[in-house]
Amino acid sequence: MKITNEDNMELMARYEDNYFDLAIVDPPYGLGDKTTKGGCNKNSQVRFKEHKWDNEIPTDDYFIELKRVSKNQIIWGGNYMTEYLTPTPCWLLWDKGFSEDVTFAQFEMAWTSFDKVARYYRKNIAQVTSEGRMHPTQKPITLYEFILMNFAETGNKILDTHLGSGSIALACHNLGYDLTACELDKEYYEAAIKRIEQHKAQIRMF
């Protein structure tokens with residue numbers, strides 16, 4: 001597992017064409033300060049630090065480089081980035097299990113490069129809270145395990161260009177996948193590394 005605190009374009013520039021078998025990424029959706037409100041209903045008081053990283057979606061250069069270094073891609077928030085993505089039959093839907101009074105989207109969509117049928121995963125957002133929510137766009141570990149079990153093959157090299165909370169790293173560790181990832185924000189990078197090390201230590205104990 002190789003995880004660095006750097007810009008994703010610098011990371012990808014070091015790798016040859018098709019080096020990674022599968023890129024699973026969760027880039028900015030361009031929602032701005034909406035992601036600083038971490039609650040899932042009208043009465044929630046959960047808040048995260050102010051940021052500017054979600055003001056815009058990645059540029060065309062990012063998608064070109066991502067497709068250069070990886071054979072297949074799964075891109076969360078792809079519905080916000082269709083100008084850079086080709087039509088696909090295989091959208092991945094995460095139903096968060098929200099009630100009707102939510103102010104956030106009840107589900108998230110990921111674009112995939114696979115020529116397969118669309119897939120659906122349902123897990124209440126409460127699982128994220130139980131794992132220790134540290135990032136406004138944090139996703140469940142089991143969601144990434146579902147992706148790996150359905151889209152990755154044994155021995156695949158996985159890439160993540162926006163590590164965030166590190167949930168994908170925990171899933172890769174649990175299932176034995178080789179992960180290369182980076183996170184630009186130093187604070188989130190350090191928190192993710194701490195989370196990963198704690199997770200590894202817990203597994204060793206049992």
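Please read all numbers here as calculations on a predicted model, not as lab measurements. (Residues numbered from 1 in each chain as written. Predicted model: local features only at pLDDT ≥ 70, side-chain atom pairs only at ≥ 80, totals over all residues. Heavy atoms only, no water.)

Before going further, it helps to examine helix H4 (residues 141-151). Helical geometry: 3.6 residues make up each α-helical turn, so side chains three or four residues apart lie on a common side. Of all eleven residues that make up H4, eight are buried, and the element is covered over most of its length. Listed in full, the buried residues belonging to H4 are Ile141, Leu143, Tyr144, Glu145, Phe146, Ile147, Leu148 and Phe151. (Buried < 20%, exposed > 50% of the residue type's maximum accessible area, 1.4 Å probe, protein only. Helix = DSSP H or I, 4+ residues; strand = E, 2+ residues; numbered from the N terminus.)

This paragraph deals with the confidence of the model for the protein chain. Looking at the protein chain as a whole, its pLDDT mean stands at 86, while 81% of the residues score no less than 70. Within the model, pLDDT remains below 50 along residues 38-46, and this stretch shows 17 contacts once partners closer than five positions in the same chain are excluded. (pLDDT = per-residue confidence, 0-100. Contact = heavy atoms within 4.5 Å.)

A few words on the pattern of salt bridges. Within this structure, the stated rule accounts for eight salt bridges. One salt bridge in this structure joins aspartate 26 and lysine 139, with 2.7 Å as the shortest N-O distance. Placement of aspartate 26 in the loop between strand E2 (20-25) and helix H2 (60-69) and of lysine 139 in the loop between helix H3 (126-130) and H4 is noted, with a sequence separation of 113 residues between them. Classification of aspartate 26 as buried rests on a relative accessible area of 11%. A salt bridge links glutamate 65 to arginine 68; the nearest nitrogen and oxygen atoms lie 2.8 Å apart. Taken together, the positions of glutamate 65 and arginine 68, both in helix H2 and three residues apart, correspond to about one turn of that helix. Judged by its relative accessible area of 15%, glutamate 65 is buried. The network of salt bridges with shared partners includes Asp26, Lys96, Glu108 and Lys139. (Salt bridge = Lys/Arg side-chain N within 4 Å of Asp/Glu carboxyl O.)

As a further point, take the environment of aspartate 115. Position of aspartate 115 relative to the elements: it lies in the loop between strand E5 (107-112) and strand E6 (119-122). By relative accessible area, aspartate 115 is classed as exposed at 72%. Residues aspartate 115 and threonine 88, 27 residues apart in the sequence, show an inter-C-alpha distance of 7.1 Å.

Time to look at the packing of aromatic side chains. Under the counting rule described, the total for this entry stands at eight aromatic pairs. Measuring from centroid to centroid gives 4.8 Å for tyrosine 15 and phenylalanine 20, while their planes differ by 55°, and the two rings are tilted. For the pair formed by tyrosine 15 and phenylalanine 20, the shared burial category is buried. By the ring-pair criterion, three or more aromatic residues cluster together here, those being Tyr15, Tyr19 and Phe20. The ring of tryptophan 76 has lysine 139 sitting right over it, with the charged end atom 5.4 Å from the ring centre. If you follow lysine 157 out to its NZ or CZ, it ends over the ring of tyrosine 19, 4.9 Å from the centre. (Phe/Tyr/Trp six-rings, centres within 6.5 Å; stacked < 30°, edge-to-face > 60°. Lys NZ or Arg CZ within 6 Å of the ring centre and 35° of its normal.)

Our next topic: the sheet that holds strand E7 (residues 157-160). The strands that make up a sheet are held in pairs by hydrogen bonds between backbone atoms, and each pair lies either parallel or antiparallel. With respect to topology, eight strands assemble into an open sheet ordered E1-E8-E7-E2-E3-E5-E4-E6, the strand pairing being mixed. Pairing within the sheet leaves two strands with one partner each, and these edge strands are strand E1 (2-4) and E6. In this sheet, neighbouring strand axes are inclined to one another by 15° on average, regardless of whether the strands run parallel or antiparallel. In this sheet, E7 lies alongside E2 in parallel orientation, the contact comprising two bridges. The residue bridging alanine 23 from the neighbouring strand is leucine 159, located in E7. Seen against the sheet, H2 touches E2, strand E3 (70-76), E5 and E7 and runs at an angle of roughly 135° to E3. Lying on the sheet, H4 is in contact with E2, E3, strand E4 (92-95), E6 and E7; it crosses E6 at an angle near 155°. (Pairing = 2+ DSSP bridges. Axes fitted to C-alpha atoms, helices over the stretch in contact; angles between N-to-C directions.)

Moving on: the nonpolar core. Trp76, Ile147 and Ile158 are the most contacted members of the largest nonpolar core, which totals 49 residues. Of all the elements, H4 adds the most residues to this core, at seven residues. Setting aside residues no more than four positions away along its own chain, isoleucine 147 makes contact with Ile24, Ile74, Trp76, Leu92 and Ala152. (Core = buried A, V, L, I, M, F, W, Y, C linked by side-chain atoms within 4.5 Å.)

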